[in-house]
Structure formats: C-alpha cells, structure tokens
Amino acid sequence: DARAPAELKPLLSAMNGLFTRIEQLLVRERRFTADAAHELRTPIAVLRAQWDVLRRTATPAERQEAELKLGAGLDRMERLVTQMLALSRVESGAAAPLRVEVDWCAIVEPAMSDCLALAERRRIDLACEWPAAGVHPMPLLGDPPLLTVMLRNLLDNAVRYAPEGSSVVLRIDREHLDIENDGPALSAEQMQRAGERFYRPDGQAEVGSGLGISIVRRIAQLHGLELLLGPRADGRGVRALLQFDAAHR
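These remarks concern the structure in this document. (Residues numbered from 1 in each chain as written. Predicted model: local features only at pLDDT ≥ 70, side-chain atom pairs only at ≥ 80, totals over all residues. Heavy atoms only, no water.)

1. Structural notes on helix α3 (residues 104-121)
The line we're drawing: Going along the chain from the N terminus, every DSSP run of H or I of four or more residues is numbered as a helix, and every run of E of two or more is numbered as a strand. A helix's residues, less one, multiplied by 1.5 Å, set its expected span. Throughout, bend refers to the angle between the axes fitted to the seven residues that end at a position and the seven residues that start at it. Here the term buried applies to any residue with accessible area under 20% of the maximum for its type, exposed to any over 50%, and partly exposed to those in between, with areas from a 1.4 Å probe on protein chains only.
With 18 residues, α3 ought to run about 26 Å at 1.5 Å a step, and its terminal C-alpha atoms sit 26 Å apart, in line with that. At cysteine 115, α3 shows its largest kink, close to 40°. Among the residues of α3, those classed as buried are Trp104, Ile107, Val108, Ala111, Met112, Asp114, Cys115, Leu118 and Ala119. In the segment just after α3, arginine 123 is the residue with positive phi, at about 55°.

2. Considering the nonpolar core
Rules: For the purposes of this section, nonpolar cores are sets of buried Ala, Val, Leu, Ile, Met, Phe, Trp, Tyr and Cys residues that join through side-chain atoms within 4.5 Å.
Residues Leu151, Leu155, Leu177 and Ile179 are the most contacted members of the largest nonpolar core, which totals 41 residues. Put simply, the parts of the chain that give this core at least two residues each are α2 (60-92), α3, α4 (144-160), β4 (167-172), β5 (176-181), α6 (212-222), β6 (225-230) and β7 (238-244). Top element by residues in this core is α4. It accounts for nine residues. Leu47, Leu54, Leu70 and Met77 belong to the second largest nonpolar core, which has five residues in total.

3. Observations concerning the sheet that holds β5
Rule in force here: For two strands to be treated as a pair, DSSP must find at least two bridges joining them. Axis definition: a line fitted to C-alpha atoms, limited for helices to the stretch in contact. Angles are taken between N-to-C directions and run from 0 to 180 degrees. In this analysis, two residues are considered to be in contact whenever any of their non-hydrogen atoms come within 4.5 Å of each other.
Strand order across the open sheet formed by five strands is β2-β4-β5-β7-β6, with mixed pairing between neighbours. Every other strand in the sheet has two partners, leaving β2 (125-129) and β6 as the edge strands with one partner each. Each adjacent strand pair in this sheet contributes to an overall mean axis angle of 10°, direction not counted. α4 contacts β2, β4, β5, β6 and β7 of the sheet and is inclined by roughly 20° relative to β5. Strands β6 and β7 of the sheet are contacted by α6, whose axis makes an angle of about 145° with β6.

4. Observations regarding the pattern of salt bridges
For the record, the criterion: By definition, a salt bridge exists where a carboxyl oxygen of Asp or Glu is found within 4 Å of a side-chain nitrogen of Lys or Arg.
The final tally for this structure, using the stated rule, is 15 salt bridges. Across the salt bridge formed by arginine 239 and aspartate 178, the nearest N and O atoms sit 3.7 Å from each other. Here aspartate 178 lies in strand β5 and arginine 239 lies in strand β7, a separation of 61 residues in the sequence. Judged by relative accessible area, which is 26%, arginine 239 ranks as partly exposed. Given the relative accessible area of 3%, aspartate 178 is considered buried. Here aspartate 234 makes a salt bridge to arginine 232, at a shortest N to O gap of 2.7 Å.

5. A few points about unusual backbone geometry
What you tend to see is this: most non-glycine residues have negative phi, and most peptide bonds are trans. Despite not being glycine, arginine 123 shows a phi value in the positive range, around 55°. On the secondary structure map, arginine 123 appears in the loop between α3 and β2. For arginine 123, a relative accessible area of 55% corresponds to the exposed category. Backbone geometry at methionine 138 places phi at a positive 40°, although glycine is not the residue there.

6. Notes on the state of the cysteines
Quick reminder of the rule: Pairs of cysteine sulfur atoms within 2.5 Å are identified as disulfides in what follows.
In the structure shown here, the tally under the stated rule is zero disulfides. Cysteine cysteine 128 shares no disulfide, and the gap to the nearest cysteine sulfur, in cysteine 105, comes to 8.0 Å. Relative accessible area serves as the criterion here: at 25%, cysteine 128 is assigned to the partly exposed category.

7. As for the packing of α3 against α4
Working note: a packed helix pair is described by the angle between its axes plus the distance between those axes. This is how the line gets drawn: Working definition: roughly parallel below 35 degrees, roughly antiparallel above 145 degrees, roughly perpendicular at 65 to 115 degrees, and oblique for all remaining angles. For any helix crossing, the convention is left-handed if the near helix is rotated counterclockwise from the far helix by under a right angle, and right-handed if that rotation is clockwise. Amino acids are sorted into nonpolar (Ala, Val, Leu, Ile, Met, Phe, Trp, Tyr, Cys and Pro), charged (Asp, Glu, Lys and Arg) and polar (every other residue, Gly among them).
One can describe the packing of α3 onto α4 by two numbers: an axis separation of 8 Å at closest approach and a directional angle of 30°. Relative to α4, the element α3 lies roughly parallel. Pair α3 / α4 crosses with right-handed handedness. Across from Ile107, Val108, Pro110, Ala111, Met112, Asp114, Cys115, Leu118 and Ala119 in α3, the residues of α4 making contact are Pro144, Leu147, Thr148, Leu151, Arg152, Leu155, Asp156, Val159 and Arg160. Class assignment for the residues of the contact of α3 with α4 results in 13 nonpolar, one polar and four charged.

Geometry only, nothing functional implied.
What follows is the structure, given as structure tokens:
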C-alpha cells in the first residue's frame, strides 16, 4: 500500500487488516484441531479398553462394575472436551481465564488418574510429594480446568518417556512444582527444541504428536508461570520445573 494512490490507502489498509485477522483465525483453528487430537488420544484408548471389558463380562455384578467404569470414562472425556474448548476461547480472546484460588489437590487427583493406565502398562511407579504440614502449596489464582490439562500433559510426558519399571515423582512446593523421571538425560538440542509443535526426538518407542509441551507452555504463560526443562540434580532423567516468571515472582 506504500505505492498506492492516497485515495486507495484506506481501502487497502482495511483489506490487509481483514486478511491478517483471517490468517490468525486459521492458525488458531489448525492449532485447536491438533491439540484436540493430541488430548483425546489417551481417553479414547481407555474407553476402547473399557468397552472391551464390558463386552466380555460374565456376571451381572461384573457388568455393573464395567458399566460404572465406562460411565466414568465418558465423564472424563466430556470434561476434557470442555477444557479444550475453554483453552481455545481464552487464546482467541473470546473469554478470560478464571481467576480463582487454586486447590492443587483437586487438580492433581484427576491429572494423575488419567495417567494411571499408561503408568500401569509401563510399570511406572507414579508418586506425589506435598510440602510439609503448615506450608501452603504454590499459592496461585488461576483456571483449574486449564491447569488440569497442563499438569496432565506434564505427567503423561514423564510417564510415557521414562524407562519401563522406573518411577515418576511430582513435587509441589511453596513456590514451584516439578516432575522428575528416570533415564538418560536429553541432549542440549533436544532441550532447546522441546515445546516446538510436532517436534519429537528420534528413537521414541511410544506414540506421540509433539504437542504436549507446547500446550503446557501456553497454559503456563496464561498464569504467569514458566516451564524449565533440564536434567535432575544427579544429571540423569528429565526434570520439568514450573515456577512463577520474572514478572510474577
């Protein structure tokens, strides 16, 4: 528009603004589609397994128990879809994230529950350590459904890529939250590229899409948090540390 006649500049400026908004909308829609596919992968697999169990029940008592588990799985799926829609609305500016006092117990329980099936399959010991009595765990005003999505992704990554038969530990302290697993440490390049959409290091046996850390970083940013990835204190494994960013520290 710099070379356009003065009479056409307002029209060209309006058209360029429209094209920019359309491009942003398309980017958000593509990102939501990829995020939804990533997030729905685990609950769909769990529902399929629960349906197989239900079909093979032999007694009324077994059938009732299987139906209850299938119903609970459908409830989790409904909550997940609601959470993903909430994240999409917040990122598009159509809604603001909630600002309520966060009860970490209510977030940790469903997040760990959603990872139990994967942990059992890979024989991973999944544990949570809370601060000492009288210490408030990481005081935060935020959006509990989005924080549940964030924590579930961190736990899923830690369990999915830990060596079979090892352990994953979630620790919640007064000023930070961290998750550690065992195994070889990531290279400097892998650490640098972690969080890039669709990036996955070579040689991974587990199925994945490379979106989990990207989702975590976006939700963390909405809450004034930052994600730091690195090895554990002993130089092994991977430690994911969530702490307040510089502006909120």
